[in-house]
Amino acid sequence: VETTKWYFGILAGLDFSTNPPTILANGSMTVDQGCSAISNSVGAILFYTDGEKVWNQNHAIMPNGTGLFGDQTPSQSSVIIRKPGSQTLYYVFTVQGVGQSAGVCYSIVDMSLSGGTGSVTIKNAPLYANPCTEAITATKHCNGNDFWILTHDLNSANFRAHLLTSAGV
C-alpha cells in the first residue's frame, strides 16, 4: 500500500489503486530520472522526492526539505523507507550522480510535524562517504521487519548493504 501512488517526471504521477492506474496531474516535481514517493497505510500520498527536495502531500516543499545530497541525474537518486516500528518516521536515502562525492546519505522525515504534513528533521547524515554509482535500492529483511539498503561503489566490484532496524541504520 505504501507504493500506491507514484510521482515522477514532469509534474506527473500514477495512482495504482485503480485498474488501470489513474493519471495524477497534480505533482510539483520536475525530474528527468530517479525519484521516489511513499504513501500511508491506506494508499494516500505522504511525500515524494527527487533526491534534492521533498514535497508533502499538498505538493508543497516540506520544512527543511531542500538541499538533500541526492541528485536529479542518477537512474535512482533516492529510496524512502518507513523506520521499522515507527508510524511517523521515514528515512530518505540518497545518492548523487557520477563524479559527485557525497556518497550515500540519509535524511529523516517526521510526519507528526507541521500539522501531519511532515518536516525533514535530520538532513544529509553520511552513511558511506565514498562515491557510489547512480543507483540505490532496498529490500525487506527476511525477518519481515527490517530493511537492507543496497548501493554499489563507483569504479569497483563492491556492493554495500546497510541495515535499517527500529534502532536506526
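The coordinates are above.
Worth saying up front: this structure is predicted, and the values here are computed from it rather than measured. (Residues numbered from 1 in each chain as written. Predicted model: local features only at pLDDT ≥ 70, side-chain atom pairs only at ≥ 80, totals over all residues. Heavy atoms only, no water.)

What about the overall build of the chain?
Of regular secondary structure, the chain possesses zero helices and 13 strands. The order of α-helices and β-strands along the chain, N terminus first, is β-β-β-β-β-β-β-β-β-β-β-β-β. Computed over C-alpha atoms, the radius of gyration of the chain comes to 15 Å, within 12% of the 15 Å expected from 2.2 N^0.38 for 169 residues, which places it in the range of a compact globule. The principal-axis extents of the C-alpha atoms in the chain amount to approximately 40 × 35 × 30 Å. Relative to its full complement of 169 residues, the chain shows a buried share of 47%. Restricting to contacts in the chain with at least 6 residues of sequence separation, those with at least 24 account for 43%. Total accessible area on the chain stands at roughly 7800 Å², and carbon and sulfur atoms take up 54% of it. Here the chain holds 7 positive side-chain charges and 10 negative ones, and the gap between their average locations is 8 Å. (Helix = DSSP H or I, 4+ residues; strand = E, 2+ residues; numbered from the N terminus. Rg over C-alpha atoms; globule rule 2.2 N^0.38 Å. Buried < 20%, exposed > 50% of the residue type's maximum accessible area, 1.4 Å probe, protein only. Contact = heavy atoms within 4.5 Å. Areas by Shrake-Rupley, 256 points an atom, 1.4 Å probe, with all protein chains shown as cover. Lys, Arg positive; Asp, Glu negative; His and termini not counted. Charge placed at Lys NZ, Arg CZ, Asp CG, Glu CD.)

Things to note about the sheet that holds strand β13 (residues 159-164)
Strand order in the open sheet formed by three strands is β11-β12-β13, with antiparallel pairing between adjacent strands. The sheet terminates laterally at β11 (132-140) and β13, the two strands that pair on one side only. Within the sheet, the average angular offset between the axes of one strand and its neighbour, ignoring direction, is 20 degrees. Here strand β12 (residues 147-153) pairs with β13 via six bridges, running antiparallel. When the bridges of β13 are listed, H152 appears paired with F159. (Pairing = 2+ DSSP bridges. Axes fitted to C-alpha atoms, helices over the stretch in contact; angles between N-to-C directions.)

Brief notes about the pairing of β12
Burial of the side chains of β12 is restricted to one face: F147, I149, T151 and D153 are buried, whereas none of W148, L150 and H152 on the reverse face is. The sheet contact formed by β11 and β12 spans six bridges and is antiparallel. Counterpart to T139 in the pairing with β12 is W148. Between the antiparallel neighbours β12 and β13 lie five residues, among them N155 with a positive phi of about 55 degrees.

Re a nonpolar patch on the surface
A surface patch of nonpolar side chains, about 280 Å² in accessible area, is lined by W6, F8 and F16. Positionally, F8 belongs in strand β1 (residues 5-8). Exposure remark for F8: the relative accessible area of 31% places this residue in the partly exposed category. (Patch = residues over 30% accessible without salt bridge, like charges linked within 9 Å, V, L, I, M, F, W, Y side chains within 5 Å. Salt bridge = Lys/Arg side-chain N within 4 Å of Asp/Glu carboxyl O.)

Overview of unusual backbone geometry
With omega at 0 degrees, the peptide bond leading from N19 into P20 counts as cis. On the secondary structure map, P20 appears in the loop between β2 (12-15) and β3 (22-24). Notably, L11 is not glycine yet its phi reads approximately 60 degrees, a positive angle. Structurally, L11 is set in the loop between β1 and β2. Positive phi, close to 55 degrees, is recorded for S114, a residue that is not glycine. Within the fold, S114 resides in the loop between β9 (104-110) and β10 (119-128). You can call S114 partly exposed: its relative accessible area is 37%.

Section: the sheet that holds β10
Read across the open sheet, the four strands follow the order β7-β8-β9-β10; overall the sheet is antiparallel. Edge positions in the sheet fall to β7 (78-82) and β10, since each has one partner strand and no second. Taking each pair of neighbouring strands and ignoring which way they run, the sheet shows an average axis angle of 20 degrees.

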